[in-house]
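Geometric and topological summary
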Amino acid sequence: MKVLRTVLGDVPAESSGLMLSHEHLLYGYPGAELDHRAVLDYDKAVDFVAGQVQRGKDDYGYGTIVDMTPPEVGRHPQFMVDVARKTGINVIAITGFFPERMGVPYYWRRQTIEELTEFFVSDLTRGMVFAWSQTPYRAGAIKIATGQESVTPRPSPLGPNGRHIHEVEDRVIRAAGRAATRVGCAINTHIDPMDFEVTNPGREQLEILLEEGMDPAKVIIGHAFVPPQVESMREILKLGANVQLDHIGIPWRVDSAEELDEAMAEALVTLLNEGYGDRIVMSFDRWFMNPRAGVTERDPQLLNEKVDLGYMFTSWVPRLKGKGVTDEQLDQMMIYNPRRIFAIEGES
């Protein structure tokens, strides 16, 4: 039987409902958990996030959220469990890391591909570790991430492997491909839009995964529409992988949400008309809670928290329907595609 591996255990894949394939219930850049100004009132934080999730579930029918927060960016297994218990929504956690320039803690940079592989497999099959303690809560997918993300964003330089992927990222990606193949789970990725200036970052990620024997049908290239690069997406789709349309209502590296939404909608219609509707998923990349210090010019408040979960159906879906996208196509991208990708074989 096909199942979704949620933090509360395996559930039948058919119970997925509408799926958001890339979200963050609790998110903080590496180091935020050490800041006195970011200390959580845990119970209030759970209630705050659960309230948002509950409204999305009750009002719009969301059934599953993939929490794409890696360990060094605030992944909190118990937090996800408590939100899931309060709301009844499926929460899928991930294992993996953020881009090398922003994440992959020093300890893990010293590990071999084989050691990284075992770490990912353990998160997926035994349970995630939090604050030096083993938990019983298992991850259900893997995240890989690349890009010259930094305080001053710029495209990634050419790495020692001949791609615009850093040496540590290369090892992480290879380990992810091996672990995902062993467990049968999905890989969802993060790319930095600035890397489109120098390469097709999603294709480079996929090439490494394919070298490790990964099934491309279980790979989602995230942020592929930010901003839309239709030819780059065609390259990825022709290799058999999936692309994710995210940042709906959230401007990233563009001037406004309207500008990005319209460009993404036009690109989506193009790909649907070319027959790729069975390999596209949609999500927000929303931060439900982002504990942090005050807003400064150097550390601005991003807009990932501002968009409401209802925006999908009050603005985005009407925009797509105005361009001829059908209910059947919407269900394909929001229910059946992510269900297929994130489903794994149930344990006998």
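Residues numbered from 1 in each chain as written. Predicted model: local features only at pLDDT ≥ 70, side-chain atom pairs only at ≥ 80, totals over all residues. Heavy atoms only, no water.

**Description of the overall build of the protein**
- When helices and strands are counted, the protein shows 10 helices and 13 strands.
- A compact globule built from 348 residues would reach a C-alpha radius of gyration of about 20 Å, and the protein, at 19 Å, matches this within 12%.
- Principal axes of the C-alpha set define a box for the protein whose edges measure 55 × 50 × 45 Å.
- The buried share of the protein, reckoned over its 348 residues, is 59%.
- In the protein, of all internal contacts separated by at least 6 residues, the share reaching a separation of at least 24 is 77%.
- With the model as given, the accessible surface of the protein reaches about 13900 Å², and the carbon-plus-sulfur share is 52%.
- Across the protein, the 36 positively charged side chains and the 51 negatively charged ones have centroids separated by 3 Å. (Helix = DSSP H or I, 4+ residues; strand = E, 2+ residues; numbered from the N terminus. Rg over C-alpha atoms; globule rule 2.2 N^0.38 Å. Buried < 20%, exposed > 50% of the residue type's maximum accessible area, 1.4 Å probe, protein only. Contact = heavy atoms within 4.5 Å. Areas by Shrake-Rupley, 256 points an atom, 1.4 Å probe, with all protein chains shown as cover. Lys, Arg positive; Asp, Glu negative; His and termini not counted. Charge placed at Lys NZ, Arg CZ, Asp CG, Glu CD.)

**Considerations on unusual backbone geometry**
- The peptide bond linking Val 226 to Pro 227 adopts the cis configuration, its omega dihedral lying at -20 degrees.
- Residue placement: Pro 227 occurs in the loop between β10 (219-221) and α7 (230-238).
- Even without being glycine, Val 104 reaches a positive phi, approximately 50 degrees.
- Along the polypeptide, Val 104 turns up in the loop between β5 (90-96) and α3 (106-109).
- By relative accessible area, which is 2% here, Val 104 ends up buried.
- Positive phi is not limited to glycine here, since Trp 132 has a value of about 70 degrees.
- Within the secondary structure, Trp 132 is located in the loop between β6 (129-130) and β7 (133-134).
- In this structure Trp 132 comes out as exposed when scored by relative accessible area, which is 88%.

**Description of the sheet that holds strand β1 (residues 2-6)**
- Pairing in this open sheet of 3 strands is antiparallel, and the strands run β2-β1-β13 from one edge to the other. Both outer strands of the open sheet, β2 (9-12) and β13 (344-345), are each paired with one neighbouring strand and no more.
- Strand direction decides the pairing type here: β1 and β2, joined by 4 bridges, are antiparallel. Within the sheet, the bridge partner assigned to Leu 4 lies in β2 and is Val 11. (Pairing = 2+ DSSP bridges.)

**Observations regarding the sheet that holds strand β12 (residues 280-282)**
- Spatially, 8 strands are ordered β3-β4-β5-β8-β9-β10-β11-β12 in an open sheet, and the strand pairing comes out parallel. Each edge of the sheet is formed by a strand with only one pairing partner; in this case those strands are β3 (18-23) and β12. This sheet shows a mean twist of 30 degrees between the axes of neighbouring strands, independent of strand direction.
- Here strand β9 (residues 186-190) pairs with β10 via 2 bridges, running parallel. Bridge assignment links Ile 187 to a residue of β10, and that residue is Val 219.
- Relative to strand β8 (residues 141-145), helix α5 (residues 167-183) is tilted by about 160 degrees, and along the sheet it contacts β8 and β9.
- Here α7 sits on the sheet and contacts β10 and β11 (242-245); the angle it forms with β11, its principal contact strand, is near 140 degrees. (Axes fitted to C-alpha atoms, helices over the stretch in contact; angles between N-to-C directions.)

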